[in-house]
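Listed below, chain by chain, are the residues.
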Amino acid sequence: MGKLPDMTKHRGFPSGMPGTGIQFTIRRANPKGVTPIKSLPRRARPGSAEHRVDAAFLHALWHHFGAEPFERGNLDAARLNLFFGREVIAADKDFDPTSYEAMLVINEKLARENFPESFEDVMEV
């Protein structure tokens, strides 16, 4: 295996949704290349289990990074793709969707509208 690309590991960020096997972070860089960030449709309806997972991920993003831009790093691309272009957007015009160093930011207005529970101090999962 060749040298893996550098990837920031967000220490203290939850690795996933407890008791589900759903991951929020990855352990190591992908040796086949960085999975691109792209907007994917989200089919979770409010009140569904999928919506709770999405809300928990956004809760973790908000309470870890707040309104400040953050590096993609080891955040799971599959989970980010469900938010990208809506609640999570590129932080700069030179956004590279295939870089672990890409900067993102929470679109707070839309995120609060779609996931108000994610902004509470404590979220029961």
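This write-up is about the structure you can find in this document. Treat the numbers as computed from the prediction; the structure is a model and nothing was measured.

**Some remarks on helix α1 (residues 49-65)**
An ideal rise of 1.5 Å per residue puts 24 Å on 17 residues; α1 measures up with 24 Å between its terminal C-alpha atoms. For α1, the tally of buried residues reaches 12 of 17 residues, placing the bulk of the element in the interior. One or two residues past the end of α1 sits G66, with phi positive at roughly 65°.

**As for the pairing of strand β5 (residues 103-106)**
Judged from the two bridges that link them, strand β3 (residues 70-71) and β5 form a sheet pairing that is antiparallel. If you follow F70 over to β5, its bridge partner there is L104. Bridging between strand β4 (residues 88-90) and β5 involves three bridges; their strand directions are antiparallel. Of the residues in β5, the one forming a bridge with A90 is L104.

**Describing the nonpolar core**
Grouped together as the largest cluster of nonpolar side chains are 29 residues, with contacts concentrated most on F13, L58, L61 and F70. Taken together, the elements giving at least two residues each to this core come down to α1, α2 (77-81) and β5.

**Quick look at a positive patch on the surface**
Where like charges cluster on the molecular surface, the positive patch consists of K9, R11, R27 and R28. Position of K9 among the secondary structure elements: in the segment before β1 (16-17).

**Comments concerning the packing of aromatic side chains**
For the structure shown, the criterion picks out eight aromatic pairs. Their ring planes at 65° and their centres at 5.2 Å tell us that F24 and F57 sit as a pair that is edge-to-face. Of this pair, F24 sits in the loop between β2 (22-23) and α1 while F57 is found in helix α1, placing the two residues 33 residues apart along the sequence. Like F57, F24 is buried. Taking 5.2 Å as the distance between ring centres and 20° as the angle between the ring planes, the aromatic pair formed by F84 and F95 counts as stacked.

**Observations regarding the sheet that holds β5**
Ordered by their spatial adjacency, three strands build an open sheet running β3-β5-β4, and the pairing between neighbours is antiparallel. Both edges of this open sheet fall to β3 and β4, since each of them pairs with a single strand only. The strands that α1 touches are β3, β4 and β5; relative to β5, the one it contacts most, it runs at about 105°.

**What about the environment of P31?**
In this structure, P31 sits in the loop between β2 and α1. Residue classification places P31 among the exposed positions, given a relative accessible area of 54%.

**Overview of the side chain of R72**
Following the sequence through the fold, R72 ends up in the loop between β3 and α2. This buried residue, R72, is left without a salt bridge; D96 holds the nearest opposite charge, at 7.4 Å. Engagement of the side chain of R72 in a polar contact is seen with the backbone oxygen of T35, the distance being 2.5 Å. Apart from residues no more than four positions distant in its own chain, R72 is found in contact with H10, V34, T35, I37, A77, L80, P97, T98, S99, Y100, A102 and L104.

What counts and how
Residues numbered from 1 in each chain as written. Predicted model: local features only at pLDDT ≥ 70, side-chain atom pairs only at ≥ 80, totals over all residues. Heavy atoms only, no water. Helix = DSSP H or I, 4+ residues; strand = E, 2+ residues; numbered from the N terminus. Expected span 1.5 Å × (residues − 1). Buried < 20%, exposed > 50% of the residue type's maximum accessible area, 1.4 Å probe, protein only. Pairing = 2+ DSSP bridges. Core = buried A, V, L, I, M, F, W, Y, C linked by side-chain atoms within 4.5 Å. Patch = residues over 30% accessible without salt bridge, like charges linked within 9 Å, V, L, I, M, F, W, Y side chains within 5 Å. Areas by Shrake-Rupley, 256 points an atom, 1.4 Å probe, with all protein chains shown as cover. Salt bridge = Lys/Arg side-chain N within 4 Å of Asp/Glu carboxyl O. Lys, Arg positive; Asp, Glu negative; His and termini not counted. Charge placed at Lys NZ, Arg CZ, Asp CG, Glu CD. Phe/Tyr/Trp six-rings, centres within 6.5 Å; stacked < 30°, edge-to-face > 60°. Contact = heavy atoms within 4.5 Å. Axes fitted to C-alpha atoms, helices over the stretch in contact; angles between N-to-C directions. Polar contact = N/O pair within 3.5 Å; in protein donor to acceptor, adjacent residues only side chain to side chain.

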